[in-house]
Amino acid sequence: MSTILQNDLFIKAALSQQTERPPVWMMRQAGRFMPEYWEIKNKYSFLEMCKTPEIAADVTMLPVDLLGIDAAILFSDILVTAEAMGGDLSFEQGVGPRFSNPVRSFADAEKLSVDCLDKLQYVADAIKVIQERLNGRIPLIGFAGAPFTILSYLVEGASSKDFKLTKLMLNNEPELAHLILQKIADLTIAYLNMQIDAGVNAVQLFDSWASALSWNDYHTFSHKYNKYIIDNLKRTVPVISFAKGASVFAPVMAETKPDVISVDWNADLLNIKKSLPAGMAVQGNLDPFIMYANKPVIKAKIHELFERMRGENGFICNLGHGIMPDMPFDHVKYAVEVIKEFRY
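Starting from 1, residues in each chain are numbered consecutively following that chain's sequence as written. Note on the predicted model: pLDDT of at least 70 is required for a residue's local features to be given, and 80 or more for side-chain atom pairs to be given and counted; whole-chain, interface and lining totals, by contrast, use all residues. Derived side-chain values reflect all non-hydrogen atoms in the structure, with water molecules and hydrogen atoms excluded from consideration.

Under an unreviewed UniProt entry, the name given to the chain is Uroporphyrinogen decarboxylase, and the organism recorded is Sphingobacterium nematocida. UniProt positions are given in the numbering used here, feature names are shortened, and annotations may be inferred rather than shown by experiment. Per UniProt, the chain has the following entry under Subunit (unreviewed entry): "Homodimer." Looking at the chain in UniProt, the text filed under Function (unreviewed entry) is "Catalyzes the decarboxylation of four acetate groups of uroporphyrinogen-III to yield coproporphyrinogen-III."

So, in structure tokens, the structure goes:
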């Protein structure tokens with residue numbers, strides 16, 4: 001990126017440099033809790049929004065303009081890679097993502113394409129439009145789903161509470177699981193490097209369902225592939241690794257050498273930070289459900305976290321996961337204001 005960032009707090013914190021306050025962005029910050037999102041969503045399907053660069057840019061810019069956050073994140077979905085590989089993806093209101101052709105056999109896996117980056121060109125196009133609109137105001141984060149998480153959707157055919165089919169495959173047919181994971185990982189490297197080439201200022205790898213795995217299975221079916229991806233990225237921008245509900249894996253995640261580890265709310269953030277290698281930043285870790293609470297509670301919880309992290313370089317404020325659709329917009333906006341007023 002040749003544009004000089006007017007607000008580079010997020011980049012400084014991601015690189016463990018000193019900042020006057022923690023920078024803030026929130027997962028799902030451009031989502032269904034905003035009336036302005038629904039004005040767009042009611043006109044288009046979710047995939048149309050993702051695949052039309054101008055619309056993806058419109059949605060990406062909503063929290064930039066309405067919340068005043070310190071980093072934008074590309075409006076897209078982790079499952080676009082699975083669709084490009086051959087998954088028949090649809091999103092159903094109140095149900096979520098579905099694949100009508102789940103991958104459950106070697107024959108299914110062989111059909112998955114890796115040489116399909118051209119099908120994701122709309123993401124690179126969206127990044128260019130967004131960066132034109134941002135014009136250096138704040139950084140733009142790109143992202144991808146981690147291989148295990150994408151595998152689970154492809155195998156289950158939808159979201160799952162128990163990951164029964166996925167775990168059956170890991171246990172009974174590990175070779176099949178590794179074949180699929182390797183294909184996803186290869187595409188993910190190309191996909192994230194395409195985003196970096198298109199101009200994002202950072203990337204995040206989302207391992208949303210890592211918490212489904214045992215300690216040993218996490219090493220075998222998640223960590224191995226996440227490390228392979230991060231090892232092969234163009235490290236010209238900070239890399240964030242996120243595993244929802246899996247702060248127990250933070251020491252293992254550190255072995256992939258990301259710049260930032262994003263931590264859920266089950267862990268003490270300072271303890272995690274002190275357990276990581278020097279110069280590795282942390283992101284998190286407010287419980288998203290704080291956003292439902294009264295405003296004095298929101299302020300107290302933010303200050304409690306910030307006082308705990310006082311004196312630590314390399315801290316990005318975020319939620320332990322995403323904003324929920326029914327969270328009051330003015331509570332989220334208030335939280336951002338409280339964060340931005342804070343000084344170390």
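Participant: Explain the UniProt feature "binding site: substrate" (unreviewed entry) in the chain residue by residue, including any values.
Facilitator: Sites flagged by UniProt as "binding site: substrate" (unreviewed entry) map to Arg28, Gln29, Ala30, Gly31, Arg32, Asp77, Tyr153, Ser208 and His321. Their sequence span is 294 residues, while the largest C-alpha to C-alpha distance among them is 22.9 Å; these annotated residues do not converge on one region. Tracing the backbone through its elements, the reader meets glutamine 29 in the loop between α1 (9-14) and α2 (35-41). For glutamine 29, a relative accessible area of 1% corresponds to the buried category. Note on definitions: a residue-residue contact is assigned when non-hydrogen atoms from the two residues lie within 4.5 Å. The residues touching glutamine 29, leaving out its near neighbours within four places in the chain, are Met34, Pro63, Leu67, Ile69, Ala71, Ala72, Ile73 and Ile323. Here the side chain of glutamine 29 touches methionine 26 through a polar contact of 2.9 Å, landing on its backbone nitrogen. On the secondary structure map, glycine 31 appears in the loop between α1 and α2. Secondary structure follows DSSP: runs of H or I at least 4 residues long count as helices, runs of E at least 2 residues long count as strands, and numbering of each begins at the N terminus. Residue burial is assigned from relative accessible area. The probe radius is 1.4 Å, only protein chains are included, and a residue is buried under 20% of its type maximum, exposed over 50%, and partly exposed in between. As used in this structure description, the phrase polar contact means that two N or O atoms lie within 3.5 Å; if the pair is within protein, one of them must be able to donate a hydrogen and the other to accept it, and residues adjacent in sequence are counted only when both atoms belong to side chains.

Participant: Tell me about the UniProt feature "domain: Uroporphyrinogen decarboxylase (URO-D)" (unreviewed entry) in the chain, and please be specific about residues and values.
Facilitator: Per the UniProt record, "domain: Uroporphyrinogen decarboxylase (URO-D)" (unreviewed entry) is annotated on residues 23-32 and 141-157. Helix makes up 0% of residues 23-32 and strand 0%, and the two end C-alpha atoms of the span are 23 Å apart. As a span, residues 141-157 carries 59% helix and 29% strand, and end to end its C-alpha atoms are 28 Å apart.

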